[in-house]
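Each chain is listed here by its residues.
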Amino acid sequence: MCVVVLVGMTAGARLTRLEEADIASMGTAQATTALRSLAIVRGKADQVDAAIARRLAELSDTGEATPVVDALGQSSKRSRRAVEQAERRAAVLGATPGLNAALGKGKIGVEHADAVAAAAGRLDDNQRAELFANDAQITEHAASSSPESFRRWLNTTVDAISADDGVERAAQ
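Please read these numbers as outputs of a predicted model, since none were measured by experiment.

Definitions and limits used
- Residues numbered from 1 in each chain as written.
- Predicted model: local features only at pLDDT ≥ 70, side-chain atom pairs only at ≥ 80, totals over all residues.
- Heavy atoms only, no water.
- Helix = DSSP H or I, 4+ residues; strand = E, 2+ residues; numbered from the N terminus.
- Buried < 20%, exposed > 50% of the residue type's maximum accessible area, 1.4 Å probe, protein only.
- Areas by Shrake-Rupley, 256 points an atom, 1.4 Å probe, with all protein chains shown as cover.
- Polar contact = N/O pair within 3.5 Å; in protein donor to acceptor, adjacent residues only side chain to side chain.
- Axes fitted to C-alpha atoms, helices over the stretch in contact; angles between N-to-C directions.
- Parallel < 35°, antiparallel > 145°, perpendicular 65-115°, else oblique.
- Contact = heavy atoms within 4.5 Å.
- Patch = residues over 30% accessible without salt bridge, like charges linked within 9 Å, V, L, I, M, F, W, Y side chains within 5 Å.
- Salt bridge = Lys/Arg side-chain N within 4 Å of Asp/Glu carboxyl O.
- Lys, Arg positive; Asp, Glu negative; His and termini not counted.
- Charge placed at Lys NZ, Arg CZ, Asp CG, Glu CD.
- Arc of directions from axis to C-beta.
- Core = buried A, V, L, I, M, F, W, Y, C linked by side-chain atoms within 4.5 Å.

1. With respect to the overall build of the protein chain
So, point 1. Scanning the protein chain for helices and strands turns up 9 helices and 0 strands.
So, point 2. Its helices and strands taken in sequence order, the protein chain reads α-α-α-α-α-α-α-α-α from the N to the C terminus.
So, point 3. Based on the C-alpha atoms only, the size of the protein chain along its principal axes is roughly 65 × 40 × 25 Å.
So, point 4. Within the protein chain, buried positions represent 35% of all 172 residues.
So, point 5. Roughly 9700 Å² of accessible area belongs to the protein chain as shown, and the carbon and sulfur atoms make up 54% of that amount.

2. Digging into the side chain of T96
So, point 1. By the secondary structure assignment, T96 is in the loop between α4 (80–95) and α5 (97–104).
So, point 2. Within the structure, T96 has its side chain in polar contact with the backbone oxygen of V92 (distance 2.7 Å).

3. Some words on the packing of α4 against α5
The description of two helices packed together rests on the angle between their axes and the distance between the axes.
So, point 1. Their axes nearest at 5 Å, the elements α4 and α5 cross at an angle of 115°. Comparing their axes, α5 and α4 come out roughly perpendicular. In contact with V92, L93 and A95 of α4, α5 contributes P97, L99, N100 and L103.

4. Focus: a positive patch on the surface
So, point 1. On the surface, R36, K44, K105 and K107 cluster together to form a positively charged patch.
So, point 2. Topologically, K107 is positioned in the loop between α5 and α6 (110–121).

5. What about helix α8 (residues 135–143)?
So, point 1. Those residues of α8 not exposed but buried are D135, I138, T139 and A142. For α8, the buried positions fall inside an angular range of 95° around the axis, keeping them on one side. What points out from α8, more than 90 degrees from its buried face, is the exposed set A136 and E140.

6. A few points about the nonpolar core
So, point 1. If you look at the biggest cluster of nonpolar residues, it comprises 32 residues, and the most contacted ones within it are L99, V116, L131, F150 and L154.
So, point 2. When residues of this core are traced back to their parent elements, those giving at least two are α2 (28–61), α3 (68–76), α4, α5, α6, α7 (125–133), α8 and α9 (147–171).
So, point 3. Residue contributions to this core peak at 6 residues, all from α6.
So, point 4. Once residues within four sequence positions are removed from consideration, V116 is found in contact with V92, L99, F132, I138, F150 and L154.

7. Points about helix α1 (residues 11–20)
So, point 1. Among the residues making up α1, those that are buried are A11, R14 and L18. Angular distribution of buried residues about the axis of α1 spans 60°; they occupy a single face of the element.
So, point 2. Elements that come into contact with the buried residues of α1 comprise α2.

8. Description of the pattern of salt bridges
So, point 1. Taken as a whole, this structure holds 7 salt bridges when the rule is applied.
So, point 2. Residue R78 pairs with D49 through a salt bridge whose shortest N-O separation is 2.7 Å. Taken as a pair, R78 in the loop between α3 and α4 and D49 in helix α2 lie far apart in primary sequence, 29 residues in all.
So, point 3. The class for D49 is buried, based on a relative accessible area of 18%.
So, point 4. For the salt bridge of E58 with R55, the shortest nitrogen-to-oxygen distance reads 3.0 Å.

9. Details of unusual backbone geometry
So, point 1. We note that K77 has phi near 60°; this positive angle belongs to a residue other than glycine.
So, point 2. You can see K77 is positioned in the loop between α3 and α4.

10. Section: the environment of G73
So, point 1. Position of G73 relative to the elements: it lies in helix α3.
So, point 2. Between the C-alpha atoms of G73 and L15, which are 58 residues apart in sequence, the distance is 25 Å.
So, point 3. Not counting the four nearest positions on each side in its chain, G73 is found in contact with R78 and V83.

Written out as structure tokens, the structure is:
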């Protein structure tokens, strides 16, 4: 079966097509198209995973659920380290709707979101808010660059935010 990407096709429909595909008979163009569909499926799955983690955090905060790390670890069979990373990623995606949408559409990968989570972890609350206020710019850079290039750009951005904060504090 040839895999064809249709505009507007849902991640679920893409997954069905991928499951039905005859991978052994694919040519280069079909394999490339299949990989693009797979990126969209992965992105949607990661977006849903983050939404579930945020919901579990809300339930945990009200005492209706176990801590997120425990719930995710038990239910998804991930290591504690992977679950903690997923929890940080979920928080960042909740604060950056553009980045979250780009992930769900497969325009960025989970490595881009993880880079933002790592960068945000280096900042205090006010600096983090400043970073997240640049959601559109972050999303644009993430969607147009590899995770490695994006991480370098993001580190420069975080350094500028940190330096600006130091100047502001000195002026006070």
